[in-house]
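Reading the structure
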Amino acid sequence: MNSKGDAFLEKLRATFRVEAEEHLHLIATGLLELEKSPGSDNERRIVETVFRSAHSLKGAARAVDFGDVELLCQALEDIFAAWKRFDARPTRDAFDTVHRTLDAITAAM
């Protein structure tokens with residue numbers, strides 16, 4: 001890439017980092033809410049919110065060529081999709097896995 005292209009990509013990545021922080025915060029907040037009130041009436045709404053946030057973050061990572069972040073977001077999206085379909089339930093082990101994945105995304109950025 002030429003210097004103009006490199007500069008443009010860096011601007012996009014700076015914007016991505018701000019957006020990513022918002023998505024990561026939203027996911028972490030949703031997880032804490034799910035952990036505090038398992039099986040609550042809001043569970044479906046929260047799961048849908050964290051799923052959409054992981055999906056949006058995955059697409060944004062792809063757009064700025066952060067393949068490692070994209071793959072981690074896909075893993076989150078898979079977990080949240082299983083929760084949405086009731087194929088799996090949010091368990092302590094699942095929460096631990098998701099929190100570790102969020103830490104890995106933060107480190108990768």
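Residues numbered from 1 in each chain as written. Predicted model: local features only at pLDDT ≥ 70, side-chain atom pairs only at ≥ 80, totals over all residues. Heavy atoms only, no water.

1. As for the packing of helix H3 (residues 67-84) against helix H4 (residues 92-108)
Contact geometry for H3 and H4: axes closest at 9 Å, N-to-C directions at 160°. It follows from the interaxial angle that H3 and H4 lie roughly antiparallel. Judged by the sense of rotation from one axis to the other, the crossing of H3 with H4 is left-handed. Listed contacts from H4 to Asp68, Val69, Leu72, Cys73, Leu76, Ile79, Phe80 and Trp83 of H3 are Ala94, Phe95, Thr97, Val98, Thr101, Leu102, Ala104, Ile105 and Ala108. Taken together, the residues of the contact of H3 with H4 sort by class into 14 nonpolar, two polar and one charged. (Axes fitted to C-alpha atoms, helices over the stretch in contact; angles between N-to-C directions. Helix = DSSP H or I, 4+ residues; strand = E, 2+ residues; numbered from the N terminus. Parallel < 35°, antiparallel > 145°, perpendicular 65-115°, else oblique. Left-handed = near helix turned anticlockwise from the far one by under 90°. Contact = heavy atoms within 4.5 Å. Nonpolar A, V, L, I, M, F, W, Y, C, P; charged D, E, K, R; others polar.)

2. Some words on the environment of Leu57
Of note, Leu57 is situated in helix H2 (residues 43-63). On the basis of relative accessibility, which here comes to 0%, the residue Leu57 falls in the buried class. Leu57 sits 34 residues away from Thr91 along the chain, and the two C-alpha atoms are 23 Å apart. What Leu57 contacts, discounting residues up to four positions off in sequence, is Phe16, Ala20, His23, Leu24, Cys73 and Ile105. (Buried < 20%, exposed > 50% of the residue type's maximum accessible area, 1.4 Å probe, protein only.)

3. Let's talk about the packing of helix H1 (residues 3-36) against H2
In contact at an axis separation of 9 Å, H1 and H2 are set at 155° when each is read in the N-to-C sense. Considering the angle they form, H1 stands roughly antiparallel to H2. Considering the relative orientation of H1 and H2, their crossing is left-handed. In contact with Phe16, Glu19, Ala20, His23, Leu24, Leu26, Ile27, Gly30, Glu33 and Leu34 of H1, H2 contributes Glu43, Arg45, Ile46, Val47, Thr49, Val50, Ser53, Ala54, Ser56, Leu57, Ala60 and Ala61. Within the contact of H1 with H2, the residues separate by chemical class into 13 nonpolar, five polar and four charged.

4. Considering the packing of aromatic side chains
All told, the structure shown has three aromatic pairs when counted by the stated rule. Arranged with centres 5.4 Å apart and planes meeting at 55°, the rings of Phe80 and Trp83 form a pair that is tilted. Of this pair, Phe80 and Trp83 both sit in helix H3, three residues apart, which is roughly one turn of the helix. Neither residue differs from the other here; Phe80 and Trp83 are each classed as buried. Residue class for Trp83 comes out buried when judged on its relative accessible area of 3%. Put simply, the rings of Phe80, Trp83 and Phe95 touch in pairs and so form one group of aromatic residues. Sitting over the ring of Phe51, Lys84 keeps its end group 4.1 Å from the ring centre. (Phe/Tyr/Trp six-rings, centres within 6.5 Å; stacked < 30°, edge-to-face > 60°. Lys NZ or Arg CZ within 6 Å of the ring centre and 35° of its normal.)

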